[in-house]
Amino acid sequence: MDFTGLAANLGIDREDFIELVELFINTTRNDLEKMAASLLSSDSQGAAQAAHSIKGAAGNLGFVEMAEVAKTLEMEAKEDRLDGFDNGMGQLELQLGEIENHAGL
Amino acid sequence: MDSTQPYTVLAVDDNLLNLKLIEKSLAKEGYRIFSAQDGPSARKLALEEKPDLILLDIEMPGESGFEVIAKLKENPETHPIPVLFLTGVSEVDAKLKGFDLGAVDYITKPFHPQEVLARVRIHLKLSIATNSLIANQAQKLRQITEAQTAMLPAPEDNPHAQFGVYYRALEEAGGDFYDILNISDNITGYFVADFSGHDIKTSYLTASVKALLAQNCTPVYSPLESMKLINDVLVEILPSGKYLTACYIHLNRTTRKLTIINAGHPPVVCSPANGEPFLVKMDGDILGMFKDVHFGKQILDVEMEDKIYVYSDGLVESAQNKITWATGAESLLPVYQSIDDHPYQYAPEKLINELFGKENLPEDDIVVLCIKV
């Protein structure tokens, strides 16, 4: 994971990027909690919103793989298909953990 | 926009990360950023800070970006601020809706900060260019208004002409025009005209008409000849579709002969010192449209202290009430009678006040001249 490259790609320096990553981790954790709660109550709309939020945030910072997973989950939730969500959420948590480690947070 | 102040951008997004990303990338380039995470606080900030540009997310909980932009565009204070919307929605309909509501551009999410920066730059440039164009045009129109007003002779500068005037131009460059011509010691010409259309072309033309009047309203030509000569030149120089309705009054105070030439203009009102006011009706072609014209002409014997009213159609017409001057002029005769005891200098203003009150002026240019024999 090349934070320096990702930062340069956004036109900001590494320090600012790490600050954004920190914010990203917090908001994404929050969204994942919302997603889990939505899943428990079979709330497809809530799940789609949480996935949408993660997709946008990950995409903006250049975490392409996370954004792809979130995009698939959003589409599935919009189609009321929540059966594959556990797996997708697991992937997102894993990816988020990697980012967190890499950032040294 | 003051060039010494940083340009300000209001970024609106319910996603804090997006906001921070915009903030960091734009601040680094010298922009000052205001941030809002929902519609109502965005509108409040827009009103308080008047940012130079707004970046607005469409999908927000509560008030959506569409609602925000609609409200911003409704308010005259925030209406001119260019709005770029951020949308994760790739559907064409949402983009079109944004444009319909008044947005200047959109950025698809996830956005790249460099793209945001590039679009912010281009739209600020466009906005600066538009604003300076508007300021420039307003300045030119002010100059025209000043020049046009300077072209209208004031009664106090022409005491021999013995007239009072009320003049009001609805727009910066008015379509109504009058002039006073001191033909000789005892002969004065009074010219009132109404150009078709009110625009800058019209206001430049008033200068031409003024020059033509000075050249052709001389003791050498009869009033009818003067108007025909002016008509022939105007036919050549007026842009197509432009014409004037006009009334030319030629008053010889020695012989007490009043000659009226009418070119499609509302009828003159004659208010004798000892008698009831009456309309001097006649047909006549408009000025500046046809080469072979027939103007209305009447010669009246007048007495000292008689008053003559010449005016533009704004006095007697009402688009709202569907009154044309053919009927409007007739119905006003009692009003002239009622203001008869007013000195001619103040009669036009009194007439306007009687007709419209001070706050209900009609939706047109108005000129009223009162001439005392």
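Each value, and the rule that gives it
- Residues numbered from 1 in each chain as written.
- Chains lettered and ligands numbered in written order.
- Predicted model: local features only at pLDDT ≥ 70, side-chain atom pairs only at ≥ 80, totals over all residues.
- Heavy atoms only, no water.
- Pairing = 2+ DSSP bridges.
- Helix = DSSP H or I, 4+ residues; strand = E, 2+ residues; numbered from the N terminus.
- Axes fitted to C-alpha atoms, helices over the stretch in contact; angles between N-to-C directions.
- Contact = heavy atoms within 4.5 Å.
- Parallel < 35°, antiparallel > 145°, perpendicular 65-115°, else oblique.
- Left-handed = near helix turned anticlockwise from the far one by under 90°.
- Nonpolar A, V, L, I, M, F, W, Y, C, P; charged D, E, K, R; others polar.
- Phe/Tyr/Trp six-rings, centres within 6.5 Å; stacked < 30°, edge-to-face > 60°.
- Buried < 20%, exposed > 50% of the residue type's maximum accessible area, 1.4 Å probe, protein only.
- Arc of directions from axis to C-beta.
- Polar contact = N/O pair within 3.5 Å; in protein donor to acceptor, adjacent residues only side chain to side chain.
- Buried area = accessible area lost by both parts, 1.4 Å probe.
- Salt bridge = Lys/Arg side-chain N within 4 Å of Asp/Glu carboxyl O.
- Core = buried A, V, L, I, M, F, W, Y, C linked by side-chain atoms within 4.5 Å.

Engineer: Teacher, can you tell me more about the sheet that holds strand β5 (residues 105–108) of chain B here?
Structural biologist: Backbone-to-backbone hydrogen bonds pair the strands of a sheet. The strands run either parallel or antiparallel. Residues and elements named next belong to chain B. Across the sheet, which stays open at both edges, the 5 strands sit in the order β2-β1-β3-β4-β5 with parallel pairing between neighbours. In the strand order of this sheet, the two ends are held by β2 (32–36) and β5, each with one partner. Strand after strand, the sheet turns through a mean of 20 degrees between neighbouring axes, direction not considered. Here strand β1 (residues 8–12) pairs with strand β3 (residues 53–57) via 4 bridges, running parallel. Counterpart to Val9 in the pairing with β3 is Leu53. Packing of helix α1 (residues 16–27) onto the sheet brings it into contact with β1, β2, β3 and β4 (83–87), and relative to β2 it is tilted by some 170 degrees. Against the sheet, helix α3 (residues 65–74) engages β3 and β4, with an angle of about 150 degrees to β3.

Engineer: I keep staring at the packing of helix α2 (residues 14–40) of chain A against helix α3 (residues 44–61) of chain A and nothing clicks. Help me out?
Structural biologist: Geometry of a packed helix pair, given as the angle between the helix axes and the separation of the axes. Residues and elements named next belong to chain A. Taken N-terminus to C-terminus, the directions of α2 and α3 make an angle of 165 degrees; their axes are 8 Å apart at the nearest point. Between α2 and α3, the angle falls in the class roughly antiparallel. Seen along the crossing, α2 lies across α3 with a hand that is left-handed. The residues of α3 that touch α2, namely those facing Phe17, Leu20, Val21, Phe24, Thr28, Asp31, Leu32, Lys34, Met35 and Ser38, are Gly46, Ala47, Ala50, Ala51, Ser53, Ile54, Ala57, Ala58 and Leu61. The residue inventory of the contact of α2 with α3, partitioned by class, reads 13 nonpolar, 4 polar and 2 charged.

Engineer: Help me understand the sheet that holds strand β11 (residues 268–271) of chain B in this model?
Structural biologist: Residue and element names in this part refer to chain B. Read across the sheet, 5 strands follow the order β6-β15-β14-β11-β12 without closing on themselves; strand pairing throughout is antiparallel. Looking at the sheet topology across the chains shown, the edges are occupied by β6 (163–168) and β12 (278–280). Across the sheet, the mean angle from the axis of one strand to that of its neighbour is 20 degrees, orientation sign disregarded. Sheet analysis places β6 next to strand β15 (residues 366–372), joined by 6 bridges and oriented antiparallel. Paired with Tyr166 across the two strands is Val368, which belongs to β15. Along the sheet, helix α10 (residues 347–356) contacts β6, β14 (307–311) and β15; its crossing angle with β15, the most-contacted strand, is approximately 130 degrees.

Engineer: Hey, could you run me through the packing of aromatic side chains in this one?
Structural biologist: To describe a pair of aromatic rings, one takes the distance between the centres and the angle between the planes. Per the stated rule, a full pass over the model turns up 12 aromatic pairs over all chains. Centre to centre, the rings of Phe177(B) and Phe191(B) are 6.3 Å apart; their planes meet at 65 degrees, and the pair counts as edge-to-face. With a gap of 14 residues between them, Phe177(B) in strand β7 (residues 176–182) and Phe191(B) in strand β8 (residues 187–195) connect regions that are remote in the sequence. Phe177(B) gets classed as buried once you look at its relative accessible area, which sits at 1%. An aromatic cluster is present here, built from Phe3(A), Phe17(A), Phe24(A) and Phe63(A) joined pairwise through their rings.

Engineer: Sorry, what's going on with helix α2 (residues 39–49) of chain B here?
Structural biologist: Helical geometry: 3.6 residues make up each α-helical turn, so side chains three or four residues apart lie on a common side. All names here are of chain B. Those residues of α2 that sit buried are Gly39, Ala42, Leu45 and Ala46. One side of α2 holds all its buried residues, which, seen down the axis, span an arc of 125 degrees. In this structure, the buried side of α2 is in contact with β1, β2, β3 and α3. Where α2 ends, the next residue or the one after it, Lys50, has phi of about 45 degrees, a positive value.

Engineer: I tried to follow unusual backbone geometry on my own but got confused; where do I start?
Structural biologist: Negative phi characterises most residues that are not glycine, and trans characterises most peptide bonds. One non-glycine residue with positive phi stands out, namely Ser42(A), at about 50 degrees. Counting through the fold element by element, Ser42(A) comes out in the loop between α2 and α3. Of note, the phi angle at Glu305(B) is positive, near 75 degrees, even though the residue is not glycine. Within the secondary structure layout, Glu305(B) lies in the loop between β13 (296–301) and β14.

Engineer: Looking at this model, I keep getting lost on the side chain of Glu63(B). Mind explaining?
Structural biologist: All names here are of chain B. Among the structural elements, Glu63 can be located in the loop between β3 and α3. Here the side chain of Glu63 touches Arg43 through a polar contact of 2.7 Å, side chain to side chain. At a separation of 3.5 Å, a polar atom in the side chain of Glu63 contacts the side chain of Lys71. Contacts of Glu63, omitting those with residues within four sequence positions, involve Gly39, Pro40, Arg43, Val68 and Lys71.

Engineer: Where do I start with the interface of chain B and chain A in this structure?
Structural biologist: When the parts of a complex come together, some accessible area is lost, and that lost area is often used as the size of the interface. Chain B puts 15 residues into the contact, and the matching count from chain A is 16 residues. With both chains or domains summed, chain B and chain A bury close to 1,500 Å², and 64% of this area falls on carbon and sulfur atoms. Of all residues in chain B, Leu17(B), Leu21(B) and Lys24(B) give up the largest surface area on contact with chain A, accounting jointly for 41% of the area buried on that side. In this assembly, chain B and chain A are joined by 2 salt bridges. Where Lys24(B) meets Glu19(A), a salt bridge forms, and the shortest distance between an N and an O atom there is 3.2 Å. Listing elements by their share of the side of chain B that touches chain A, those giving two or more residues are α1 and α5 (113–151) of chain B. No other element matches the 7 residues that α1(B) contributes to the side of chain B that touches chain A. Split into classes, the residues belonging to the side of chain B that touches chain A amount to 6 nonpolar, 5 polar and 4 charged.

Engineer: In this structure, what is going on with the environment of Val269(B)? I would like to understand it.
Structural biologist: All names here are of chain B. Structurally, the position occupied by Val269 is in strand β11. Assessed through its relative accessible area of 0%, Val269 is described here as buried. Measuring from C-alpha to C-alpha, the distance between Val269 and Leu333 comes to 8.0 Å, with 64 residues separating the pair along the chain. Here Val269 is in contact with Pro277, Phe278, Leu279, Lys307, Ile308, Tyr309, Tyr311, Leu333 and Tyr336, once residues within four sequence places are set aside.

Engineer: What is the right way to look at the nonpolar core in this model?
Structural biologist: Proteins that are soluble and globular tend to have nonpolar side chains buried together. Counting 56 residues, the largest nonpolar core has Phe17(A), Phe24(A), Met35(A), Leu61(A), Phe63(A) and Leu55(B) as its most contacted members. Contact partners of Phe17(A), with chain neighbours within four places excluded, come to Phe3(A), Leu6(A), Ala7(A), Leu10(A), Ile12(A), Leu61(A) and Phe63(A). Core analysis: the next-biggest nonpolar cluster, separate from the first, contains 48 residues, Ala193(B), Leu287(B), Leu300(B) and Ile371(B) among them.

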